[in-house]
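So the chains spell out like this:
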Amino acid sequence: MSQKPNQQSVPGAILNEQQWNAITQAISGLNRDQLTWVSGYAAGMAAAQGSAVAPAITAPESAAPAATLTILYGSQTGNAKGLAQQFQAKAEEAGYNSKLVSMADYKPRQLKSETHVALFVSTHGEGDAPDDAIELHEFVSGKKAPKLSNTKYAVLGLGDSSYEFFCQTGKDFDERLGKLGAKALVERADLDVDYEAQAEAWISKLIEALKEDFTAAPPAAVAAQTGAAVQGAPAQTYSKKAPYTATLLDSQKITGRDSVKDIRHIEISLEGSGIQYQAGDALGVWFKNAPKLVDEFISVLSLDGDAEVTVGDEKMRLREALTHKLELTLSYPTFVKAYQAATGSTSLATLMEDKAQLRTYMAQRQIIDIVREHPGKISEQTLVEALRPLTPRLYSIASSQSEVEEEVHLTVAHVDYEAFGHRHQGGASGFLCEYLEENGEVDVFIEPNNNFRLPEDPNTPVIMVGPGTGIAPFRSFMQERDAQGAEGKNWLFFGNPNFTQDFLYQVEWQGYVKDGLLDKITLAFSRDQEEKIYVQHRLLEQGKAVYEWLEQGAHFYVCGDATHMAKDVENALISIVQEHGNKSEADAKAYIVELRKAKRYQKDVY
């Protein structure tokens, strides 16, 4: 039966079609604040229906947009995202309108419309922005960046002071936003690896600074505005602050006897924990400093290992603090400064006058080397205060739970070398590879990495570039694709020094090729010929096929060294697109940007 025109024909049977079309057309261009005002106006009209004289409805005197807080995060490992979420929760408690957005999903041109922006961003490599922040970082630094005289902002940067370009991305954003006319709400925070307490204080300060610009929204409204941002993966029972005590099942060397590298395959039991992880995630490992290293600190500085010290809010013996609570391997400027001040070392004072020379000096030495070379008198408590808190190390997970169930596997390079007449080991790698015995306990947690995920469609082809221990997540990818019965093509680029000594998981990869799961494997063993060959060279050799795969929708993944390898691979990728796509260099770079925005170019670099 046909329907008569102009009858009630829209959901709810309240409006006829013409009325519905008129209203939707009228409000289609309104923003959230304007829609809120219109809804109030309509409610007032409805309340006045029975009155002889309708009450006057006055529009706001100012046409200025209502204050809205936009929280942006650029995060390589998830720490900046976690702090952004923590800040939004505080903003919600205070009743502020807010929205939480990854910089990867944010349209840079929208910046000119913002009234209040809080940026949480990390720095990696040589002062590089994390992948999801690259586009926004380039936009605010470019000629198209708008004037932001009506915008207020705040920047929290995360970094590691042992690197030269500490918190550089945060500093860049702060400088550029200021030059564009935006007004800082609070002073920028540059936070080191032990950032929790300082971050909490900065967040509280920013919440206070926002008070005068925000009127509290009803809790229900705030929940509606923020709900979509905080929903997602279920909360983990265990976390960085509350890790799970797991046990070591196996630690097996997977490089040959004559290899220049000592790389271990490590299996850890999660039985009974209920912990879930996805291919692409990382495992956080809380380690203990080596007993010999702790003993040497106490001996060289003539300290009392049983002396009581205070670390944060806890009292404990010095030996326990040095073993469980304090960073003793990586060198960093704050230790040098504090140690020099305590000991009065003139040699260190001279070294500190030249920042470049100091950086080079620290890069070659662990903290124990500095103490050995510049001995002095320091009290137990002063030493504790000079050292920064121990922080967990993150390792890309090398397994899929679809295959290993209540286990998690890692591929760990044991840092172990001789220098300055002494043996040196990495803090976490030494603990995992040498000091942690079978069935020994290790505190762990899952660090999700949503910036390094397999395609949602299992039919999508993938290209994986993972030299050295960068192979780890691709082992998990293949286990997961195998379990999915994925039809998408898979191509691995792997490199290491020698074929006979360093082909990690060789039997497994050959099995995947034989079974047809791995369609192509391209190898680069740098020392098997006179001229060194690396994965970027193999990519260029295979450029035509690589470009064809990309044009077929392939996702491109890179895992490993951020300082050199990842940059060389990206330059090779740009050259491939330029040559085989017949594009200019600018267009080839734009092509790579589009891949990144579509989450088809993802990196897990360190």
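Residues numbered from 1 in each chain as written. Predicted model: local features only at pLDDT ≥ 70, side-chain atom pairs only at ≥ 80, totals over all residues. Heavy atoms only, no water.

1. Quick look at helix H16 (residues 427-435)
Within H16, seven of the nine residues are buried, which leaves it mostly tucked inside the rest of the structure. Looking only at H16, the buried set comprises Gly427, Ala428, Ser429, Gly430, Phe431, Leu432 and Cys433. (Buried < 20%, exposed > 50% of the residue type's maximum accessible area, 1.4 Å probe, protein only. Helix = DSSP H or I, 4+ residues; strand = E, 2+ residues; numbered from the N terminus.)

2. Section: the sheet that holds strand E21 (residues 601-605)
Two pairing modes exist for strands in a sheet, parallel and antiparallel, and in both the strands are linked by backbone hydrogen bonds. One open sheet holds the five strands; their spatial order is E19-E18-E17-E20-E21, and the pairing between them is parallel. One side of each edge strand has no neighbouring strand; the edge strands of this open sheet are strand E19 (520-525) and E21. Geometrically, the sheet is characterised by an average inter-axis angle of 10° between neighbouring strands, direction not taken into account. Inspection of the sheet shows strand E17 (residues 462-465) paired to strand E18 (residues 490-496) by four bridges, in the parallel sense. The residue bridging Met464 from the neighbouring strand is Leu492, located in E18. In this fold helix H21 (residues 543-551) packs onto E17, E18, E19 and strand E20 (555-560), with an angle of close to 140° to the strand it touches most, E18. (Pairing = 2+ DSSP bridges. Axes fitted to C-alpha atoms, helices over the stretch in contact; angles between N-to-C directions. Contact = heavy atoms within 4.5 Å.)

3. Remarks on the nonpolar core
Core analysis: the biggest nonpolar cluster contains 33 residues, and Phe297, Leu301, Leu322, Phe335, Leu383 and Leu387 have the highest contact counts within it. Within the residue set of this core, elements represented by two or more residues are helix H8 (291-300), strand E10 (308-311), helix H9 (318-324), helix H10 (333-343), helix H11 (346-352), helix H12 (355-363), helix H13 (367-373) and helix H14 (380-386). If near-sequence neighbours (up to four positions away) are discounted, Phe297 is found in contact with Leu303, Leu322, Leu328, Ile367, Ile368 and Val371. Phe87, Ala91, Tyr195 and Ala199 belong to the second largest nonpolar core, which has 28 residues in total. (Core = buried A, V, L, I, M, F, W, Y, C linked by side-chain atoms within 4.5 Å.)

4. Comments concerning the sheet that holds strand E8 (residues 263-269)
If you walk across this open sheet you meet the six strands as E12-E9-E16-E7-E8-E13, and the pairing is antiparallel. Each having just a single partner strand, strand E12 (393-396) and strand E13 (407-413) make up the two edges of the open sheet. This sheet shows a mean twist of 40° between the axes of neighbouring strands, independent of strand direction.

5. Here we look at the environment of Asp132
Inspection of the secondary structure assignment puts Asp132 in the loop between strand E3 (116-122) and helix H4 (134-141). Owing to a relative accessible area of 6%, Asp132 belongs among the buried residues under this scheme. It is 8.1 Å that separates the C-alpha atoms of Asp132 and Asp105, two residues lying 27 residues apart in sequence. Setting aside its immediate chain neighbours within four residues, Asp132 contacts Tyr73, Gly74, Ser75, Ser102, Met103, Ala104 and Asn451.

6. Let's talk about the packing of helix H3 (residues 79-94) against helix H6 (residues 196-210)
It is the contact of H3 with H6, at a shortest axis distance of 10 Å, that shows an interaxial angle of 40°. Crossing of H3 over H6 shows right-handed handedness. For the pair H3 and H6, contact is made by Leu83, Gln86, Phe87, Lys90, Ala91 and Ala94 and by Ala199, Glu200, Ile203, Leu206, Ile207 and Leu210, respectively. (Left-handed = near helix turned anticlockwise from the far one by under 90°.)

7. So, the side chain of Glu570
With respect to the helices and strands, the residue Glu570 is situated in helix H22 (residues 565-580). On the basis of relative accessibility, which here comes to 18%, the residue Glu570 falls in the buried class. Beyond its immediate stretch of four places on either side in the chain, Glu570 contacts Arg596, Tyr601 and Lys603.

8. What about helix H17 (residues 472-484)?
Along an α-helix, residues three or four positions apart point the same way, because every turn accommodates 3.6 residues. The end-to-end C-alpha separation of H17 is 19 Å, in line with the 18 Å expected for 13 residues at 1.5 Å each. Counting buried residues in H17 gives 10 out of 13 residues, a clear majority hidden from the surface. Listed as buried for H17 are Ala472, Pro473, Phe474, Arg475, Ser476, Phe477, Met478, Gln479, Glu480 and Arg481. Where H17 ends, the next residue or the one after it, Gly485, has phi of about 65°, a positive value. (Expected span 1.5 Å × (residues − 1).)

9. Focus: the packing of aromatic side chains
Within the structure shown, the criterion is met by 21 aromatic pairs. Here Phe87 and Phe120 contribute two aromatic rings whose centre-to-centre distance is 5.6 Å and whose plane-to-plane angle is 40°, an arrangement assigned as tilted. Highlighted residues: Phe87 in helix H3 and Phe120 in strand E3, separated in sequence by 33 residues. By the burial criterion, Phe87 is buried, and Phe120 matches it. Aromatic rings pair up to connect Phe452, Phe474, Phe477 and Tyr557 into one cluster. Over the aromatic face of Trp549 sits the side chain of Lys489, whose NZ or CZ is 4.3 Å from the ring centroid. (Phe/Tyr/Trp six-rings, centres within 6.5 Å; stacked < 30°, edge-to-face > 60°. Lys NZ or Arg CZ within 6 Å of the ring centre and 35° of its normal.)

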